[in-house]
Amino acid sequence: MKFVLEKKDTHSHARTGSLITDHGSIQTPIFMPVGTAGTVKAVHQRELKKDIQAQIILGNTYHLYLRPGLDTLEKAGGLHQFIGWDRPMLTDSGGYQVFSLAGTRKIKEEGVTFKSHIDGSKHFFAPENVMDIQRSIGADIIMAFDECTPYPCDYAYARQSMEMTHRWLLRCQDRFDSTEGKYGYSQSLFPIIQGSVYKDLRIQSAEFIAKQGREGNAIGGLSVGEPAELMYEMTELVTAILPADKPRYLMGVGTPANILECIALGVDMFDCVMPTRNARNGMLFTSEGIINIRNEKWKDDFSPIDPAIGNEVSSTYSKAYLRHLTVSKEILAAQIASIHNLSFYLWLVGEAREHIQAGDFASWKASMVKKVSTRL
RNA sequence: GGGGGAAUACCAAAGCGGCCAACUGGGACGGACUGUAAAUCCGUUGACUUAUGUCUUCACAGGUUCGAAUCCUGUUUCCCCCA
């Protein structure tokens, strides 16, 4: 994998770049649709490519390991082959499930014992087997196994958790560096900064992660309920420490406004379930603002969802039609809304990239943040 | 013609003397959702108004009772069975 830094913004820390993988290159800043269980929910791979123009999608180690399981994935020739996706992929390590499955898991130095959310069976995740599992899944970018701490989180816990995440990283690297990809292309391991919302911990973690010299770096443990200002503060703090010539991935972020703000802080990669999950729940992100398509006000609004983003689905179907499908709980509602929201997210980062290259990112961002945060 | 049963808020349906402005579904309306245990979850749904009060409700009209959606009488409508 190779990262080429292309242009730095003069009024902010925003930058553009190209991330080149064995499955093709990614133009940054980029948003990566989340496809937890080998599918971006409600969206075909064909639509991801043609309509949404996704350049890279995510998968999840925990979910794929439970189902379909590694045997199937290996027999299929890896996740790319299995799902029919020939562009880059990234897998999360299960670190987020350490956070989200808080009620059904136990953390120790050695690793984490999970209770499967599917059948209640017990499973053990540790840095070593998480690397092995991600080798079997075969994503281009794989994530270190970390503990994503909740918010709020007291200082003592945040500190000891961060230190354990660092020790886990060394174990991840040992295993990763002593193994090879199984399917003939290379994989890269991204370490993850933790430290909750404590400046000194974030600095310490960023320095530790930067020192490892991996091919890209991630910021984790944010967007877990803390105020956006704190998230920006932590992000700004660590992007200043991370090497400029490596891509920076802010995990789990976020709203359109969050993404624009964090691009300005020097982040290159984002992922979030928000465009897909909220689409299924009737919330649309558009170039004019946020729409709750269930609201009565759209009942007879026959204007297209969002013609400005140049996507066929978004300029063809009307708000009134999508509202009808949503209110009727029709499957097509989830499909159209998901395609639209993802198209919008990809359009948004594409626009950001163009404005960084054009040199007017800061002023464009200021007006865009306002627009995309408006409730229609 | 004879016998039996039922009428409750937008719909369906509990309640069968006080704890009922009335269970529960659905619908309608509104909100939440940030490395996906989520096509999920939460709230409101008589009025005035937000104290957690007042007023008007359970087909219609009377009545019994300190007190009725709940008991009695009559009226209207609907359903079932027998002729």
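For clarity, every value in this text was computed on a predicted model and none was experimentally measured. (Residues numbered from 1 in each chain as written. Chains lettered and ligands numbered in written order. Predicted model: local features only at pLDDT ≥ 70, side-chain atom pairs only at ≥ 80, totals over all residues. Heavy atoms only, no water.)

## Things to note about the packing of helix 10 (residues 256-264) against helix 14 (residues 331-358)
Line of reasoning, step 1. For the pair helix 10 and helix 14, interaxial distance at closest approach is 11 Å and the crossing angle is 25°. As summarised for this structure, helix 10 and helix 14 are arranged roughly parallel, according to the angle between their axes. Crossing angle aside, the handedness with which helix 10 passes helix 14 is right-handed. Taken together, the residues of helix 14 that come into contact with helix 10 (itself represented by Pro 256, Ile 259, Leu 260 and Ile 263) are Phe 344, Tyr 345, Leu 348, Val 349, Ala 352 and Ile 356.
Line of reasoning, step 2. Its residues assigned to classes, the contact of helix 10 with helix 14 shows ten nonpolar, no polar and no charged. (Axes fitted to C-alpha atoms, helices over the stretch in contact; angles between N-to-C directions. Helix = DSSP H or I, 4+ residues; strand = E, 2+ residues; numbered from the N terminus. Parallel < 35°, antiparallel > 145°, perpendicular 65-115°, else oblique. Left-handed = near helix turned anticlockwise from the far one by under 90°. Contact = heavy atoms within 4.5 Å. Nonpolar A, V, L, I, M, F, W, Y, C, P; charged D, E, K, R; others polar.)

## Some remarks on the confidence of the model for chain A
Detailed reading of the predicted coordinates is not advisable wherever pLDDT is low.
Line of reasoning, step 1. When pLDDT is averaged along chain A, the result is 97, and 100% of the positions lie at 70 or above.
Line of reasoning, step 2. For this predicted complex, the interface confidence score (ipTM) comes to 0.93, while the overall pTM stands at 0.95. (pLDDT = per-residue confidence, 0-100.)

## Here we look at the protein's contact with RNA strand B
Line of reasoning, step 1. The immediate surroundings of RNA strand B are formed by 44 residues, with Ser 100, Cys 148, Met 251, Val 273 and Thr 276 found nearest.
Line of reasoning, step 2. Here a sugar or linking oxygen of RNA strand B and a side-chain polar atom of Ser 223 are 2.7 Å apart.
Line of reasoning, step 3. Arg 375 places a polar side-chain atom, nitrogen or oxygen, 3.3 Å from a phosphate oxygen of RNA strand B.
Line of reasoning, step 4. Secondary structure elements with two or more residues in the surface near RNA strand B: strand 5 (57-60), helix 5 (95-100), strand 15 (269-272), helix 11 (274-280) and helix 13 (319-327).
Line of reasoning, step 5. It is helix 11 that provides the largest number of residues to the surface near RNA strand B, a total of five residues. (Near = heavy atom within 4 Å. Polar contact = N/O pair within 3.5 Å; in protein donor to acceptor, adjacent residues only side chain to side chain.)

## A word on the sheet that holds strand 9 (residues 122-125)
Line of reasoning, step 1. The sheet built from three strands is open, its strands ordered 7-8-9 with antiparallel pairing. What marks the edges here is a single partner per strand, and that holds for strand 7 (105-107) and strand 9. Averaged over all pairs of adjacent strands, the angle between strand axes in this sheet comes to 15°, irrespective of strand direction.
Line of reasoning, step 2. Sheet topology places strand 7 next to strand 8 (residues 112-115); three bridges connect them, and they run antiparallel. The residue of strand 8 that forms the bridge with Lys 106 is Thr 113. (Pairing = 2+ DSSP bridges.)

## Some thoughts on the side chain of Gln 45
Line of reasoning, step 1. The topology assignment puts Gln 45 in helix 1 (residues 45-50).
Line of reasoning, step 2. Contacts of Gln 45, omitting those with residues within four sequence positions, involve Ile 83, Gly 84 and Trp 85.

## Side note on the state of the cysteines
Line of reasoning, step 1. Evaluated as defined, the whole model comprises zero disulfides.
Line of reasoning, step 2. Note on Cys 262: no disulfide assigned, nearest cysteine sulfur contributed by Cys 272 at a separation of 11 Å. (Disulfide = S-S within 2.5 Å.)

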